[in-house]
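This is what each chain is made of:
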Amino acid sequence: MEGVDHLAHERNKSEFDVDAMKIVWAGSPHAFVVSDRISKLVASDPGFRKDNRSTLSRKELFKNTLRKAAYAWKTIIDLHLSEEEAAKLRFYVDEPAFTDVHWGMFIPAIKGQGTEEQQQKWLPLAYKMQIIGCYAQTELGHGSNVQGLETTATFDPQTDEFIIHSPTLTSSKWWPGGLGKVATHAIAYALLIVGGREQGVHGFIVQLRSLEDHSPLPGMTVGDIGMKFGNGAYNAMDNGVLRFDHVRIPRNQMLMSHVMVLGRGSSLLGPWGGKTDFVYSQWSALRGGPVGANGKVVLVVTCEGKYKQSDVPRQLVYGAMLYVRQTIVADASCALSRAVCIATRYSAVRRQFGSQNGGPETQVIDYKTQQSRLFPLLASAYAFRFVGEWLKWLYADVTQRLQANDFSTLPEAHACTAGLKSLTTTATADGIEECRKLCGGHGYLCSSGLPELFAVYVPACTYEGENTVLLLQVARFLMKTVSQLGSSKKPVGTIAYMTRVEHLMQCRCGVQRGFAELSADLVEAAVAHCQLLVVSKFIEKLQQEIPGKGVKQQLEVLCNIYALFLLHKHQGDFLSTGCITPKHAALANDELRSLYSQVRPNAIALVDAFNYTDHYLGSILGCYDGNVYPKLYEAAWKDPLNESVVPDGYHQYIRPLLKQEIRTARL
Ligand SMILES: Cc1cc2nc3c(=O)[nH]c(=O)nc-3n(C[C@H](O)[C@H](O)[C@H](O)COP(=O)(O)OP(=O)(O)OC[C@H]3O[C@@H](n4cnc5c(N)ncnc54)[C@H](O)[C@@H]3O)c2cc1C
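Cut-off values and rules
Residues numbered from 1 in each chain as written. Predicted model: local features only at pLDDT ≥ 70, side-chain atom pairs only at ≥ 80, totals over all residues. Heavy atoms only, no water. Helix = DSSP H or I, 4+ residues; strand = E, 2+ residues; numbered from the N terminus. Buried < 20%, exposed > 50% of the residue type's maximum accessible area, 1.4 Å probe, protein only. Contact = heavy atoms within 4.5 Å. Areas by Shrake-Rupley, 256 points an atom, 1.4 Å probe, with all protein chains shown as cover. Salt bridge = Lys/Arg side-chain N within 4 Å of Asp/Glu carboxyl O. UniProt positions renumbered as here; feature names shortened; annotations may be inferred. Pairing = 2+ DSSP bridges. Core = buried A, V, L, I, M, F, W, Y, C linked by side-chain atoms within 4.5 Å. pLDDT = per-residue confidence, 0-100. Near = heavy atom within 4 Å. Polar contact = N/O pair within 3.5 Å; in protein donor to acceptor, adjacent residues only side chain to side chain. Nonpolar A, V, L, I, M, F, W, Y, C, P; charged D, E, K, R; others polar.

**Student:** Give me the overall build of the chain: which residues, what numbers.
**Tutor:** The number of helices and strands found in the chain is 22 helices and 12 strands. Expressed as a percentage of its 667 residues, the buried residues of the chain come to 52%. Looking at the chain alone, contacts between residues at least 24 apart form 71% of all its contacts between residues at least 6 apart. Surface accessibility of the chain: about 31,100 Å² in total, with carbon and sulfur atoms responsible for 56%.

Below, the structure written as structure tokens:
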């Protein structure tokens, strides 16, 4: 039956132009062309094979990841791929690797926190992969609380160097991807000590390994932290542990675009001016902690004991984080759409019960319960796509403003990226698991692709800001906004709606002192605010011109499902606050059911619009042609356990049982 499309009847039912939807999903015709070409290139190259990943041992998996990363780099060079194409290629290779951190965190950190001089020195090396970088912030004892980091960087004015040291076991760097076995350099975060005084946590470029033989440099104890959740998945990554024993690095390896420590006799440039011994700054946690009272970086000139302020707000250190978090939101729609594509196609293939007069049984996708679990996830995938697009725009906008010394939108951008990172990753991780359940027993097989997708994805709820910690930051931002409602400072942008809420206008924010007590409720408020963002950005998308027969109508249906499903899920909150009446709630529920019926004939086409190759999906249940059973059957025989009919261990452990010889067996 090779070549037969078992889902053709489903595709024929669709009421819209799938090719036009593919372009909407990709973001533009250009993005579609690039994505389509690169995904097919990766899928057709046996060098990027990944179907055996979950059966490899850790060592084999890791070595294979190294091979793929090198092969990907060779392909990028040989084919002269642009930066955009290269990024797409890494995306479609679809394997966590040290390169993710090198390109996604090490380079952005140097760009965001390094001086021009530092960028000129380090970026060309990093771009050519003559050095490989990791991002070493988290320690064994502290992750979210960056101010609590214990690694020290003590300035030695005699030699003009920093001494990087891990004073305790809990100060060991722990988790950084790429650190364990590959990275030659790290951006290591450490508590700066100048003249005996602690001056907050800063980033330092530290060489870890020899560029000749890859051995750790003197003073470094470095290795991998061990197996992680799931088969394959994140075990392809060498998350690492690192201890420093009085490692010396030159002063110019502290990242100094916003703060600086000057050597004796150096001149100060820019807004600070003057001549001094040392200058350093104070700034709060990268991930935690409220923004300071005036939001300014405080520069301290130690030799004179004078305090000066620059015009640079301390939130500027969030720049690299904003970038990384907005990419995480974009990735959420990819991971969720992938799981939804698998579950939708399989739900159309799978039949259970309902046979009439010997006819075929019912496709499980036709059960209303299946639809009510699956279609809100399909709607969420599209909703996250569009809010991700908007966040990308917001990031570009805020970056442009920063270059023009306009810092006004930075707190809002920070709240949006933190909140949406939290919301979309939580919903995606939960959504992937729901898709696994939607596929019944077969969803539990590695060949469904869903267990590994979940295992790879779920740490996104923790890294780059633990999701609850991030929501607490959004809650603080919202409470601050509420407290300013009566003042002349009017909320704008994503919080402008607050001025329209009559009740809020009369509120005085009373949670300043009781914040911790109310934090669980405030986190819910933060989620609601972020949901409003997602819904409003979906609606804004629909206000644009969207070409293609029936495309806009389908998106309208999905947008309504997304919004009404939320209303349905949180009915209690809406009813208890008097926002809706029980009649409204019932109407919304009726409407939701009717929307599910409208999606049903278009469901397969709506997931086809993601344009995923079978290679990228990595799932027998989700394969394009729907020919699930023969492929499942065939895959089972390829399992290493089936290499022999009688298993290894039969003579030692099974036969003695069967032959009642267990007491004399050598176990
Ligand atoms: C796969 C993976 C890859 C990673 N890669 C890197 C990397 O490349 N570089 C790097 O530096 N780090 C990396 N990390 C580490 C990651 O960034 C941290 O684990 C993350 O920041 C969370 O910090 P934590 O582990 O200290 O969690 P904790 O903060 O200890 O969280 C534990 C619990 O405490 C709660 N909690 C914490 N603080 C508060 C609070 N103030 N109020 C209420 N509740 C609170 C949290 O909600 C959570 O439920 C990685 C982690 C993983 C899992």
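**Student:** Break down the pattern of salt bridges for me, citing the residues and quoting the values.
**Tutor:** Applying the stated criterion across every chain, the model contains 31 salt bridges. The residue Glu95 makes a salt bridge to Arg53 at a minimum N-O spacing of 2.9 Å. With Glu95 in the loop between α5 (83-93) and α6 (98-113) and Arg53 in the loop between α3 (29-43) and α4 (58-78), the pair connects residues that are 42 residues apart, well separated along the chain. Using a relative accessible area of 8% as the deciding quantity, one classes Glu95 as buried. According to the relative accessible area criterion, Arg53 is buried, its value standing at 8%. Its salt-bridge partner being Lys638, residue Glu634 comes within 3.8 Å of it at the nearest N-O pair. Overall, Glu634 belongs to the partly exposed group, its relative accessible area being 47%. For Lys638, a relative accessible area of 61% translates into the label exposed. By sharing partners, the salt bridges in this structure join Asp5, Arg11, Arg345 and Asp608 into a single network.

**Student:** So what's going on with the UniProt feature "binding site: FAD" (unreviewed entry) in the chain? Which residues, and what values?
**Tutor:** The positions that UniProt labels "binding site: FAD" (unreviewed entry) are, in the present scheme, Thr138 and Gly177. On the basis of their most widely separated C-alpha atoms, the annotated residues across 40 residues gather in one place, lying no more than 10.6 Å apart. Mapped onto the elements of the fold, Thr138 is located in the loop between β1 (133-136) and β2 (152-156). Residue position: Gly177 is located in the loop between β4 (173-174) and β5 (185-194). If we ignore the near neighbours within four places in the chain, the residues touching Gly177 are Val101, Cys134, Met237, Asp238 and Asn239.

**Student:** Describe unusual backbone geometry, listing the residues and the values that go with them.
**Tutor:** Even without being a glycine, Trp175 presents a positive backbone phi close to 115°. Considering the arrangement of structural elements, one finds Trp175 in the loop between β4 and β5. Accessibility expressed as a relative area gives 43% for Trp175, which makes it partly exposed.

**Student:** Outline the sheet that holds β4, listing residues and values.
**Tutor:** Backbone-to-backbone hydrogen bonds pair the strands of a sheet. The strands run either parallel or antiparallel. Spatially, the three strands line up as an open sheet ordered β4-β8-β7, and their pairing is antiparallel. With one partner strand each, in any of the chains shown, β4 and β7 (220-224) form the two edges of the open sheet. Of the strand pairs in this sheet, β4 and strand β8 (residues 240-244) are connected by two bridges, and their pairing is antiparallel. Bridge pairing in β8 places Trp174 opposite Val241.

**Student:** Please provide a residue-by-residue account of the nonpolar core, values included.
**Tutor:** Counting residues in each nonpolar core, the largest one holds 103 residues, and the members touching the most others are Leu378, Tyr382 and Leu555. Here the element with the most residues in this core is helix α9 (residues 368-403); it accounts for 16 residues. Those residues in contact with Leu378 that sit more than four places away from it in its chain are Val340, Leu558, Val599, Leu606, Val607 and Phe610. Counting residues in hydrophobic clusters, the runner-up holds 57 residues, among them Phe98, Phe155, Ala186 and Leu262.

**Student:** Give a detailed account of the side chain of Arg600, specifying residues and quantitative values.
**Tutor:** Topologically, Arg600 is positioned in the loop between α18 (582-599) and α19 (603-608). When residues no more than four places from it in sequence are discounted, the contact partners of Arg600 are Glu10, Lys13, Gln363, Ile365, Asp366, Gln371 and Phe375.

**Student:** I'd like to hear about the confidence of the model for the chain, residue by residue, with values.
**Tutor:** Looking at the chain as a whole, the pLDDT averages 90, with 90% of positions reaching at least 70. Low pLDDT, under 50, characterises residues 268-310; the stretch is placed with 126 contacts to residues that sit more than four places away or in other chains. Overall fold confidence (pTM) sits at 0.92, and the ipTM for the predicted complex is 0.99.

**Student:** Describe the site of the ligand, and please don't skip the residues or the numbers.
**Tutor:** Among the 19 residues in the neighbourhood of the ligand, the closest are listed as Tyr135, Gln137, Thr138, Ser144 and Glu466. A distance of 2.5 Å is found between an oxygen atom of the ligand and a side-chain nitrogen or oxygen belonging to Ser144. Within the side chain of Glu466, an N or O atom sits 2.5 Å from an oxygen atom of the ligand. In the complex, the protein chains occlude 66% of the 970 Å² of accessible area that the ligand would expose alone. Of all the elements, helix α12 (residues 467-483) adds the most residues to the shell around the ligand, at three residues. Grouping the amino acids of the shell around the ligand by side-chain chemistry returns eight nonpolar, eight polar and three charged.

**Student:** So what's going on with the pairing of β5? Residues and values would help.
**Tutor:** With 10 of 10 residues buried, β5 lies mostly within the body of the structure. Alignment of β1 against β5, held across four bridges, turns out to be parallel. Within the sheet, the bridge partner assigned to Tyr135 lies in β5 and is Ile187. The pairing of β2 with β5 spans three bridges and is parallel. Across the sheet, Thr154 pairs through a bridge with Ile193, a residue of β5. Relative to strand β6 (residues 197-207), β5 runs antiparallel, the two being bridged by nine bridges. By the bridge assignment, Ile193 is partnered in β6 with Glu198.

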